[in-house]
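Summary of the model geometry
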Amino acid sequence: NNPTIKAYANNILSKKIDEKKPYELPDNQVARMFKKLIAPYKGKYIFIDFWGTTCGPCRAGIKSMAPLRERLQNNTNFQFLYITGESTSPSKQDYNEYVKKNLASAPSIYLNDADYLYLRELFHFNGIPRYVLVSKDGKIIDEDYSESQLRTFLKDKGFIKNIDDCVAGAVSHWRDWFGVGTAG
């Protein structure tokens with residue numbers, strides 16, 4: 001019955017319950033560069049995946065989201081966008097081959113290291129994959145999004161009817177990645 005502990009617990013719980021509020025990017029050179037990158041998708045929600053060809057979890061995430069990309073490929077209100085840089089995808093040839101094989105249905109941008117580093121600083125991350133969700137009006141909904149949050153968001157917004165349909169595809173891809181068989 002310690003009031004200090006109760007106040008601390010309530011504070012923690014309220015932070016988890018509070019929904020993040022979309023925010024405008026600052027008016028600076030990096031934000032303007034980012035806005036140019038997303039300009040072709042204005043009026044759509046944009047799910048941005050910062051990734052690299054040398055990143056195993058990135059490749060697994062791309063593979064596990066393939067059913068979602070396929071389902072939403074021609075959606076007029078939602079867009080997947082993949083962004084990588086020279087340091088995370090050092091071989092341009094490997095990058096081009098990977099994109100052709102795995103990301104043909106979604107735009108992928110290959111940046112020089114300086115621009116990629118600027119975006120990492122803008123969205124406060126060092127590790128990849130990193131997912132960012134952008135609103136239809138270009139505000140940042142969340143700069144540290146997850147694949148499960150995306151699936152819930154897509155269901156809540158009516159982009160998909162059943163999360164399980166897309167999760168089943170994701171589970172099989174993760175099983176392949178970790179070499180885990182199915183019970184049977």
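To be clear, the structure that these remarks concern was listed above.
Overview of the structure. Being a predicted model, the structure only gives us computed values, none of them experimental.

Some words on the sheet that holds strand β3 (residues 108-111)
Backbone hydrogen bonds hold the strands of a sheet together, and the pairing may be parallel or antiparallel. Strands sit in the order β3-β2-β1-β4-β5 across an open sheet of five strands; the sheet is mixed. Strands with a single pairing partner mark the edges of an open sheet, and in this sheet they are β3 and β5 (140-145). Strand-to-strand twist across the sheet, computed as the mean angle between neighbouring axes with direction ignored, equals 20°.

Some remarks on the state of the cysteines
Across all of its chains, the model carries one disulfide by this definition. With a sulfur-sulfur separation of 2.4 Å, Cys55 is cross-linked through a disulfide to Cys58. Its S-S torsion of about 80° marks the bond between Cys55 and Cys58 as right-handed, since a negative value means left-handed. By relative accessible area, which is 9% here, Cys55 ends up buried.

Details of the packing of aromatic side chains
Applying the stated criterion to the full structure yields 14 aromatic pairs. On the numbers, 5.7 Å between centres and 80° between planes, the contact of Phe47 with Phe80 is edge-to-face. Of the two residues, Phe47 is situated in strand β1 (residues 45-50) and Phe80 in strand β2 (residues 78-85); the sequence distance between them amounts to 33 residues. Here Phe80 falls in the buried class, since its relative accessible area comes to 3%. A connected cluster of aromatic rings, assembled from ring pairs, spans Tyr45, Phe47, Phe78, Phe80, Tyr82, Tyr131, Phe153 and Phe159.

Analysis parameters
Sequence positions are assigned chain by chain, starting from 1 and proceeding in written order. With the structure being a predicted model, the display of local features is reserved for residues of pLDDT at least 70 and the display and counting of side-chain atom pairs for 80 or more, all residues being used for whole-chain, interface and lining totals. Side-chain numbers come from the whole structure's heavy atoms, not from hydrogens or water. When DSSP finds two or more bridges between two strands, those strands count as paired. By definition, any uninterrupted DSSP run of H or I lasting at least four residues is a helix, any uninterrupted run of E lasting at least two residues is a strand, and each is numbered from the N terminus. Interaxial angles span 0 to 180 degrees and are taken between N-to-C directions of axes, which are lines fitted to C-alpha atoms, for helices over the stretch in contact. Disulfides are defined in this document as cysteine sulfur pairs within 2.5 Å. Only protein chains enter the accessibility calculation, which uses a 1.4 Å probe; a residue whose area is less than 20% of its type maximum is buried, one above 50% is exposed, and one in between is partly exposed. When the centres of two rings from Phe, Tyr and Trp lie within 6.5 Å, Trp using its six-membered ring, the rings pair. Their planes under 30 degrees apart give stacked, over 60 give edge-to-face, and anything left gives tilted.

Just distances and angles here, no functional claims.
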